[in-house]
Structures are given as structure tokens and as C-alpha cells.
Amino acid sequence: MIRHPFAFTGRSIRRATHAHGAGESGLGKLIELHAVNSAGDMMITIALASTVFFSVPTDQARGRVALYLAITMAPFALLAPIIGPLLDRLPHGRRAAMAGSMLTRALLALTMAGAVAGGGLELYPAALGVLVASKAYGVVRSAVVPRLLPPRFSLVKANSRVTLAGLLATGIAAPLGAGLHQIGPGWPLYGAFVVFAAGAFLSFTLPHKVDSAKGEARAQLTSGEHHLHLPHAMHRAGTGKATSSTEKARRPGLRTVGPSVLHALQACASVKCLSGFLTLFLAFLLREHPMGGLSPEMSLGIVAVAAGGGNALGTAIGAWLKSRGPERIIAVVLSTALGVLVASAALYSTVLVAVVAATAGISQALVKLSLDALIQRDVPETVRTSAFSRSETTLQLSWVVGGAVGIALPLNGVLGMSVAAGVIALGTATTVRGLLAAGRRGTPHPRVA
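Quick caveat, the model's predicted, so the values are computed rather than measured.

K.L.:
If you had to explain the packing of aromatic side chains to someone new, which residues and values would you point to?
P.N.:
According to the stated counting rule, one finds two aromatic pairs in the structure shown. With a centroid separation of 5.6 Å and an interplanar angle of 80 degrees, the aromatic rings of W187 and Y190 are classed as edge-to-face. Linking W187 with Y190, this pair stays in helix 8 (residues 187-203), spanning three residues, or about one helical turn.

Put into C-alpha cells, the structure is as follows:
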């Protein structure tokens, strides 16, 4: 153990990720792959933040971030709705898609390393490519998890393990990336290249069943008349009636599987929008008005730790609650988050900023896990994988919208917390009543283990 600390650490990690049947099903390898993905993304984030954010005065930094949003987020807002459907048409190439996402980011990291020191405009198209590739990976991962569940292993528990592994890897990669930055501004990107290259290799170690689309169909985020979408032959077997060509052409939609999934997606989108807003708004607010007696970097570090700790705590709570009453969990989380945000707007202080960040982290984790549980419970298996990919794309787009509002808002703490409270108030008003009513009516489909 003393002579081979790295080998011992590696075996310990492998035992943790492969426990409870995750090794046999392939989930353990996906957990490790997601940890690599999160570490690489964190290194790129550190390199970009040091160049776009910390290297210039606040006014110039706002201009640079606004330019970053215009060049990267605006095209991504147009590409995000396409990513899910495009990947949905390639169900037999999921491992290749994940490897392609990793390899793309590895090559773009090398490209960015040459531009990051000078902050040239070529940095931004490369950053857009990294962003799109990262979101594409997220969409595919959401579609892959249900296919790798061990026996008697809930989707909530699986997603909790994947998320916790990503958070742990991020916590390790952050100081490592900061240390590499002390050598030179491009060194975190060289580190990201190595990490993503390893991720491309690990993608092909996932089981072959990841590429199987047996029994699957495509789901769309549109309304429809039918409550269920099943293959044509199954409709005829269940009803004894021939299905018309019009019925054949109809596509399934999340609105057709019951109100719980739709309302949960709306609630999760509001929390994701809150996350994007707080990320950018607090970054500038704390740089201009840091916590009492602390530097801007230390203030941002405290908020980042609070948000990450909240996310980890929410993930742990979600795994403990499993899939019991996800509608009620979402309603309680939104109501609690709204109360915290209203209090922070009325009694604004720098200490409450950290509380808000932690609350946002807990809320994001719990609401996302509850949405996953509802999709697993209420969406027919034939379209469940597709539903995960499309809902993930919707949530990423929500983050973009929130981030855009955060960069445009004046740097006033009370105003920012008021806007944040308004976002969650809207999500609460449009979803909680419907969720609770749907929870009382029960699920339209048999519960999935």
C-alpha cells in the first residue's frame, strides 16, 4: 500500500465505481468516463476564466464575457435543439459519439492553447466547439445510463453515482488546473488535451449494448392526441383495429405521457435557468463587490464550493429518497428555494449569497433526479432513451437563457436576487399545482423498478 499508492488508489476507485453490480452491467465504466469528462471540462473552464475574466478590469471583462456569449452561446442556442434529435437518429453509434465528443474537445484544447495567452478572437469559435461537444456528450450520457442499469438498481441511484463522480473529479481537477496555470496560461489546456484523449479511449470500453437501439423509438417535445406511442403492431395487438396511415405518422411526445413529466421538465428548466443566471451574475457581482475582507478570487471560490457542496448534498439526498414521491419532492424543493431567494432579496448580504448558491446546487440536483425518476416511471420503455436525450437538450438551453440574463443585468445584489426569485416563482406557479394534482392521481403506467 505504501510502495504503490497510485495502484492502491486506483483499485479503491474501481471498487467504488463497480460496486453493487455496476461493474458487470457497465455502469462503472460510464461513471469513470463521466469523471474524466468533468475533469477535462473544469480544466478548460479554468483556462477560459483566467483569460476572459480575471486578466482584465471588470468593465473589460463584462465586454469580453458578453462577446463570449454572443459568439458561443447565441449559436449554441440555435444548435442545442438540433443536438438531441441529431444524436437520436444515431442510436447505434453512441460510443463513437461520446468518443468523438472527447476527441473534438482534445483537439480544440490544443487550438485554444495557442490563442489563450493573447485572448484573440480565434479563441471564441474554439470555445463554441468545446461547448457544443460538451453538451452533445451530456445528451448521449443521459440516453446511455438507462441501458446500463444493474438488476434492482434505480435510475435515480445510477444518476446519483454518475453525478457524484463528476463532482469529485471536478474538485480534484480545479486545484490541479490552477497549479498548471501558474506554469503558463495554456498549460490547463494541455492538461485538458491529455484528459480528453484518455476519455476518447475509455468511451470504447463501454459495453456494446450501449450502441443497441432494440425496442426503442423516438420521442418529441410536442403535444399529441395519443397518450402513448407504441409501435404500429403493438397498437393493433392491443386494440384489434387497424391503424391508419395518419396514426402511423404521429410521433410520440413528452406531453402524451402524462402531466408529471411535462411539469417536472418545466420545473427543472426553471432551476437550470437559475443556475445559469447565478453563475454569470455572481461572477461579476463578487468581483466588483467581494465578500467582506476577502479578495474577489476567494469570494468566488467560497460561492463555488457552496454550490458544489449543495449539488453533492442534493445528489446524496436524492439517492436516499430514491424515487418516492418525485412530484412532492419537486414541489418542496421549488417552494424552499423560492423562500430562500425571497429572503436573500429582502435581507441581502454577502453571507446570504453563499446560502443562495448552496440552495441552487441542492435544488438543481434534487429536481433533476426527480425528473429522471418520472421519465423512468411514466415514459414507455420504447421512447424512454429518446426522452432523456431531448429533455437534457432542453435543460442546457435553459441554462443559456439564464446566463444571458445574468450578463445583461446591472451589478446590484438586491436586483439580482429579486430576478432569481422571479425565475423560481414563475417555475413554482406554473408547475407545483399540476405536479401535486398529478401525484394524487397516480402514474398512468406501471411503476418501473
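Next comes the rest of the write-up.
K.L.:
Which residues make up the pattern of salt bridges, and what values go with them?
P.N.:
Applying the stated criterion across every chain yields a total of two salt bridges. Note that D372 and K368 form a salt bridge whose closest N and O atoms lie 2.8 Å from each other. With D372 and K368 both in helix 14 (residues 350-378) and four residues apart, this pair spans about one turn of that helix. Its relative accessible area of 3% is what places D372 among the buried residues. The exposure class assigned to K368 is partly exposed, which follows from its relative accessible area of 21%.

K.L.:
Describe in detail the packing of helix 5 (residues 94-115) against helix 6 (residues 123-144), supporting the description with residues and values.
P.N.:
One can describe the packing of helix 5 onto helix 6 by two numbers: an axis separation of 9 Å at closest approach and a directional angle of 160 degrees. Overall, the two elements helix 5 and helix 6 adopt an arrangement that is roughly antiparallel. The element helix 5 and its partner helix 6 pack so that their crossing is left-handed. For the pair helix 5 and helix 6, contact is made by R94, A97, M98, S101, M102, T104, R105, L108, M112 and A115 and by L123, A126, A127, G129, V130, A133, S134, Y137, V140, R141, A143 and V144, respectively. Here the contact of helix 5 with helix 6 is composed, by residue class, of 15 nonpolar, four polar and three charged.

K.L.:
Please set out the environment of I424 residue by residue, giving values where relevant.
P.N.:
Mapped onto the elements of the fold, I424 is located in helix 16 (residues 413-441). Separated by 151 residues in the primary sequence, I424 and C273 have C-alpha atoms spaced 8.9 Å apart. Ignoring anything within four residues of it in the chain, the contact list for I424 reads S270, V271, L274, L334, A337, L338 and L341.

K.L.:
Before we move on, can you summarise the environment of D41 with the specific residues and values?
P.N.:
Relative to the helices and strands, D41 is located in helix 3 (residues 27-53). Relative accessible area serves as the criterion here: at 17%, D41 is assigned to the buried category. The spatial distance from the C-alpha of D41 to the C-alpha of F196 is 8.8 Å, given a sequence separation of 155 residues. D41 has contacts with R105, S134 and F196, leaving out every residue within four places of it along the chain.

K.L.:
Can you tell me about the environment of S344, naming the residues and giving the values?
P.N.:
Within the element layout of this structure, S344 appears in helix 13 (residues 326-346). As for S344 and A421, which are separated by 77 residues in sequence, their C-alpha atoms are 8.9 Å apart. Apart from the residues within four sequence positions on either side, S344 is in contact with L352, V356 and M417. At a separation of 2.7 Å, a polar atom in the side chain of S344 contacts the main-chain carbonyl oxygen of L341.

K.L.:
Would you mind going over the packing of helix 5 against helix 8 in detail, with residue names and values included?
P.N.:
At a minimum axis distance of 8 Å, the contact between helix 5 and helix 8 shows a crossing angle of 165 degrees. Comparing their axes, helix 8 and helix 5 come out roughly antiparallel. The element helix 5 and its partner helix 8 pack so that their crossing is left-handed. Along the contact surface, helix 5 presents R95, M98, A99, M102, L103, R105, A106, A109, L110, M112 and A113, while helix 8 presents L189, Y190, A192, F193, F196, A197, G199, A200 and S203. Taken together, the residues of the contact of helix 5 with helix 8 sort by class into 16 nonpolar, two polar and two charged.

K.L.:
I'd like a description of the confidence of the model for the chain, backed by residues and values.
P.N.:
One rule of thumb: low pLDDT means the predicted coordinates there are not for detailed reading. Averaged over every residue, the pLDDT of the chain is 76; residues scoring 70 or more account for 69%. Below pLDDT 50 for its whole length, residues 221-250 participates in 43 contacts with residues either more than four positions away or in separate chains. Throughout residues 445-449 the model reports pLDDT below 50, and contacts reaching past four residues in sequence, or to other chains, amount to 14 contacts.

K.L.:
I'd like to hear about the nonpolar core, residue by residue, with values.
P.N.:
Ranked by internal contacts, the top residues of the largest apolar core, which has 92 residues, are L30, M112 and L278. It is helix 11 (residues 259-288) that provides the largest number of residues to this core, a total of 15 residues. Apart from residues no more than four positions distant in its own chain, L278 is found in contact with A283, V356, A360, M417 and A420.

K.L.:
Go over a nonpolar patch on the surface with me, naming the residues and quoting the values.
P.N.:
On the surface, a nonpolar cluster with roughly 590 Å² of combined accessible area is contributed by L103, L107, L110, I183, W187 and Y190. Every element with two or more residues in the nonpolar patch is listed here: helix 5 and helix 8. With three residues, helix 5 is the single largest residue contributor to the nonpolar patch. Examined against the element boundaries, I183 turns out to sit in helix 7 (residues 155-183).

K.L.:
I'd like a description of the side chain of S398, backed by residues and values.
P.N.:
By the secondary structure assignment, S398 is in helix 15 (residues 381-408). Those residues within four positions of S398 in sequence are excluded, and the remaining contacts are A269, K272 and C273.

Calculation notes
- Residues numbered from 1 in each chain as written.
- Predicted model: local features only at pLDDT ≥ 70, side-chain atom pairs only at ≥ 80, totals over all residues.
- Heavy atoms only, no water.
- Phe/Tyr/Trp six-rings, centres within 6.5 Å; stacked < 30°, edge-to-face > 60°.
- Helix = DSSP H or I, 4+ residues; strand = E, 2+ residues; numbered from the N terminus.
- Salt bridge = Lys/Arg side-chain N within 4 Å of Asp/Glu carboxyl O.
- Buried < 20%, exposed > 50% of the residue type's maximum accessible area, 1.4 Å probe, protein only.
- Axes fitted to C-alpha atoms, helices over the stretch in contact; angles between N-to-C directions.
- Parallel < 35°, antiparallel > 145°, perpendicular 65-115°, else oblique.
- Left-handed = near helix turned anticlockwise from the far one by under 90°.
- Contact = heavy atoms within 4.5 Å.
- Nonpolar A, V, L, I, M, F, W, Y, C, P; charged D, E, K, R; others polar.
- Polar contact = N/O pair within 3.5 Å; in protein donor to acceptor, adjacent residues only side chain to side chain.
- pLDDT = per-residue confidence, 0-100.
- Core = buried A, V, L, I, M, F, W, Y, C linked by side-chain atoms within 4.5 Å.
- Patch = residues over 30% accessible without salt bridge, like charges linked within 9 Å, V, L, I, M, F, W, Y side chains within 5 Å.
- Areas by Shrake-Rupley, 256 points an atom, 1.4 Å probe, with all protein chains shown as cover.

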